[in-house]
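# A look at the structure
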Amino acid sequence: MASGLHNSDIPNPVLRWIDQRMPIFTMMQKEYGSFPTPRNFNYFWNFGALAMVNLMIMIATGIFLAMHYTPHSSMAFDSVERIMRDVNFGWLLRYVHANGASMFFIVVYIHIWRGMYYGSYKAPRELLWMLGVVIFLLMMATAFMGYVLPWGQMSFWGATVITNLFSAFPLVGEWIVTLLWGGFSVDNATLNRFFSLHYLLPFVIVGVVFLHIVALHITGSNNPLGIEPKGPQDTLPFHPYYTAKDSFGLVIYFIVFAGLVFFAPNYLGHPDNYIPADPLVTPAHIVPEWYFLPFYAILRAVPDKLGGVLMMFGSILVWFVLPWLDRSPVRSMRFRPIARICFLLWTVSFLVLLWCGGKPAEEPYVTISRFAAAYYFAYFLVILPLLSRIEKPLPLPESISRAVLGGGPLPAGAAAKPMEKA
Amino acid sequence: MLRTSLKALAILGGLLAAAPAAQAAEGAAHIPNQGFSFQGPFGVYDRASAQRGFQVYSQVCSACHAMHLMSYRNLRDLGLTEQQVAAIASQVQVQDGPNDEGQMFERPGRPSDRFRSPFPNPQAARAANNGALPPDLSVIAKAREGGANYIYALLTGYGDPPPDVHIAEGMHYNAYFPGHQIAMARPLNPDQVEFADHTPATVENMARDVATFLQWAAEPELELRHSMGIKIIVFLLVLAGLAYAVKRKIWANAH
Ligand code: HEM
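What you see is a predicted model; the values in this text were computed from it and never measured.

Reading the values: rules and limits
- Residues numbered from 1 in each chain as written.
- Chains lettered and ligands numbered in written order.
- Predicted model: local features only at pLDDT ≥ 70, side-chain atom pairs only at ≥ 80, totals over all residues.
- Heavy atoms only, no water.
- Domains from an automatic or database assignment.
- Contact = heavy atoms within 4.5 Å.
- Buried area = accessible area lost by both parts, 1.4 Å probe.
- Salt bridge = Lys/Arg side-chain N within 4 Å of Asp/Glu carboxyl O.
- Nonpolar A, V, L, I, M, F, W, Y, C, P; charged D, E, K, R; others polar.
- UniProt positions renumbered as here; feature names shortened; annotations may be inferred.
- Helix = DSSP H or I, 4+ residues; strand = E, 2+ residues; numbered from the N terminus.
- Polar contact = N/O pair within 3.5 Å; in protein donor to acceptor, adjacent residues only side chain to side chain.
- Near = heavy atom within 4 Å.
- Buried < 20%, exposed > 50% of the residue type's maximum accessible area, 1.4 Å probe, protein only.
- Donors = N, O, S within 2.8 Å, 3.2 Å for Na, K, Ca; no water.
- Tetrahedral: all angles 85-135°; square planar, octahedral: opposite > 155°, others 65-115°.

This part covers the domain arrangement of chain B. All names here are of chain B. Considered domain by domain, chain B is made up of domain 1 (30-70 + 114-220) and domain 2 (223-255). One C-alpha centre belongs to domain 1, the other to domain 2; they are set 43 Å apart. On the side of domain 2, four residues touch domain 1, which itself brings nine residues to the contact. Summing the contributions of domain 1 and of domain 2, the shared interface buries around 530 Å²; its carbon and sulfur component is 45%. By the criterion of area lost to domain 2, the three top residues of domain 1 are Pro41, Phe42 and Glu219, representing 46% of everything that side buries. Scanning the region where domain 1 abuts domain 2 turns up two salt bridges. A salt bridge links Arg47 to Glu223; its shortest N-O distance comes to 2.8 Å. Residue composition of the side of domain 1 that touches domain 2, by class: five nonpolar, two polar and two charged.

Structural data, given as structure tokens:
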């Protein structure tokens, strides 16, 4: 249509009036109603929707916490405890927010793992994948700054250790550290800027998530077989099939979440963060939050400070180029017998690093982290490029519907609209 | 589908289990579990024990340890009456002001006042304790690995050091304190307090009661949290059943 009103088929007259002038309802219907989605998703495909819900929970609880929180080095700790005691259901707000961060990382780690296992990063979804890595980096920055806000011992010393890492960079290092601190040590100025940025970054994440979804809706989703849908028999409309499946997954997610919040709210935290920050007393072991431990282990596995910092950042940045390191045309690891084993071993190396990161920097943990870190990088930089050339994949199924329905006739209600691919 | 879901669960379980295991402090003695009434998903506070614990705190520990996050009015939640709380608060003198003449003045405490701190500042606390700082006990049960079990172990863990251990001047041997040398002298001795309910004031009983009180002080929301949690989980389990049934029904013609 060149100009004038949008041709809307929304039945409700009021909604139609809006839709003719601004077709958001048509868009929602197209992107979340009839959107053709591969019919063979397993439950790993729930985690994107879970991450979305989690992000909204974080923003909602965070805004209410910020109404009662005081970002001052002499009052922050007590203001958090006052939220726990004197604000109506403040303990619930805070425990949901704190454990929500852990849930967010669990969900997103599984989401990323899914992408790696089923080759979702490969063409044509490279940009979608890279936007995901951007989201992950933003999440890490947000979580790190959030953990500083209660101004406990781990907040303070974690912030000191992590910000100090930047001093390893030649020339600009000291300058960056001073900029992060807003002075010459972690202090009130640091707390203030971290609070400001901690409030800002989630909205940046919302923006990048929007782009992530835009990119997803151009390429369409990947699926456990890693082959593209070839026609309507291979897809189902997103609603009601996947809205129903996501709803079930969402309730399971809430059960795990509630288990943490109500029965083990401090299980994933560190007791030292209930000791008010004291610049004169260094805790025996400074450990970051659990979700940073794999990267912390890589940092400590390298004897040289700058080397460690570069390896730590490199261990995530390498995800950006994953689509070009893995040249195999087969996406799903189901059909890549060798790569599958190598990737499962990579998963083990990641978990081993997580475990080592929480241990003191002494033997045998340092040596174990070195082996695990070496494998972590070797998988991306050596194994995948090599396997792209030499591995012989298993035969791929002819189509999704053949693999799922065994090639029988199509059930009547199950056909989706034809793929509207760009 | 089941296999992959199991895999997802295994990863999740692995992540959850690895985290605190990763943080468990090494070198500290194993802390025995005392089976407190507030442990476990249905746990509630033993009110009588927590009230006795408050008595131990105010008659013994409060000589050195502040609890500046607590107000006297909070004691209502332990089952004390308004009159009892007002009487307890009025026993202390607190500084208030400035008044209309610009003067600070002392007045008897009110239920809305915070627990009075024994020392005006950390320097004074150190000066009175051989240079050691008695920590604020408001959230101590959340601030130590082991929580109330650790506090009980600490308070009952005094004794003679093993022959090969040298204890520095002014320090005391404790089996459970990290490093085994603590600046706090044995705070509890038999019959140090007299309980109105005739509970024998053994060191173990007093330690148990004060540990219960400190746990309550650190987590006053625990009972509400537990009871809400049970209801919410039951509700979610029912909802999960419904959501699964709906999903099955919708997918019935699509497999
Ligand atoms: C705030 C965090 C995130 C949100 C809210 C989010 C949201 C979503 C949603 C709703 C989907 C579609 C449903 C699904 O396939 O699971 C999706 C797909 C995807 N996401 Fe994310 N995501 C997040 C983070 C990430 C990260 C950190 C990565 C990778 C580093 C990533 C990579 C992908 C990929 C590759 C797909 C397409 C998957 C496929 O079609 O197989 N996402 N995301």
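Right, let's talk about the UniProt feature "domain: Cytochrome c" (unreviewed entry) in chain B for a bit. Here, UniProt's "domain: Cytochrome c" (unreviewed entry) annotation points to residues 48-155 of chain B. Annotated as 38% helix and 7% strand, the span residues 48-155 of chain B places its first and last C-alpha atoms 20 Å apart.

Every contact between the two is made by 55 residues of chain B and, on the other side, 65 residues of chain A. Between B:Lys142 and A:Glu81 there is a salt bridge; the shortest N-O distance is 3.1 Å. Between the two partners, chain B and chain A, sit seven residue pairs in polar contact (both at pLDDT 80 or more). The leading source of residues in the side of chain B that touches chain A is helix H8 (residues 222-251) of chain B, at 17 residues. Looking at the side of chain B that touches chain A residue by residue, the class counts come to 34 nonpolar, nine polar and 12 charged.

Turning to the UniProt feature "domain: Cytochrome b/b6 N-terminal region profile" (unreviewed entry) in chain A, a few remarks are in order. Under the present numbering, the feature "domain: Cytochrome b/b6 N-terminal region profile" (unreviewed entry) in UniProt falls on residues 14-225 of chain A. The span residues 14-225 of chain A is 73% helical and 1% strand by assignment, and the distance between its end C-alpha atoms comes to 43 Å.

What follows concerns the site of the ligand. Residue and element names in this part refer to chain A. Surrounding the ligand, one finds 23 residues, the nearest of these being His111, Ser120, Gly132, His212 and Asn222. In this structure, His111 approaches the ligand through a side-chain N or O atom, which is 2.6 Å from a nitrogen atom. Within the contact set of the ligand, an oxygen atom lies 3.0 Å away from a side-chain nitrogen or oxygen of Arg114. Those elements giving two or more residues to the shell around the ligand turn out to be helix H3 (47-66), helix H5 (90-117), helix H6 (126-148) and helix H9 (188-219). Sort the elements by how many residues they give to the shell around the ligand and H6 lands first, with six residues. Split into classes, the residues belonging to the shell around the ligand amount to 15 nonpolar, seven polar and one charged.

Before going further, it helps to spend a moment on unusual backbone geometry. Here the residue pair A:Ala123 and A:Pro124 is connected by a cis peptide bond, since its omega of 5° sits within 30 degrees of zero. Relative to the elements of secondary structure, A:Pro124 occurs in the loop between H5 and H6. Residue B:Pro98 follows B:Gly97 across a cis peptide bond; omega there is 0°. Among the structural elements, B:Pro98 can be located in the loop between strand S1 (93-96) and strand S2 (105-108). Within the chain, A:Phe89 stands out as a residue other than glycine whose phi angle is a positive 55°. Note that A:Phe89 resides in the loop between helix H4 (76-86) and H5. A residue is classified by how much of its surface remains accessible, and A:Phe89, at 43% relative accessible area, is partly exposed. Within the chain, B:Asp191 stands out as a residue other than glycine whose phi angle is a positive 60°. On the secondary structure map, B:Asp191 appears in the loop between strand S4 (181-182) and helix H7 (203-218).

Another aspect to go through is the coordination of the iron atom of the ligand. Residues and elements named next belong to chain A. Around the iron atom of the ligand, the protein supplies His111 (NE2) and His212 (NE2) as donor atoms, at distances of 2.1 Å. Coordination at the iron atom of the ligand is octahedral, judged from the six donor atoms that bind it and the angles of 80 to 179° they form at the metal. Here His212 lies in helix H9 and His111 lies in helix H5, a separation of 101 residues in the sequence. Across this residue pair, the class does not change: His111 and His212 are buried.

Under the UniProt annotation, the feature "domain: Cytochrome b/b6 C-terminal region profile" (unreviewed entry) is placed at residues 228-398 of chain A. Along residues 228-398 of chain A one finds 58% helix and 2% strand; the C-alpha atoms at either end are 10 Å apart.

Residues and elements named next belong to chain B. If you walk through the whole model with that rule in mind, you get 18 salt bridges over all chains. The salt bridge partner of Glu82 is Arg76, with a shortest N-O separation of 3.7 Å. The exposure class of Glu82 is exposed, given its relative accessible area of 53%.

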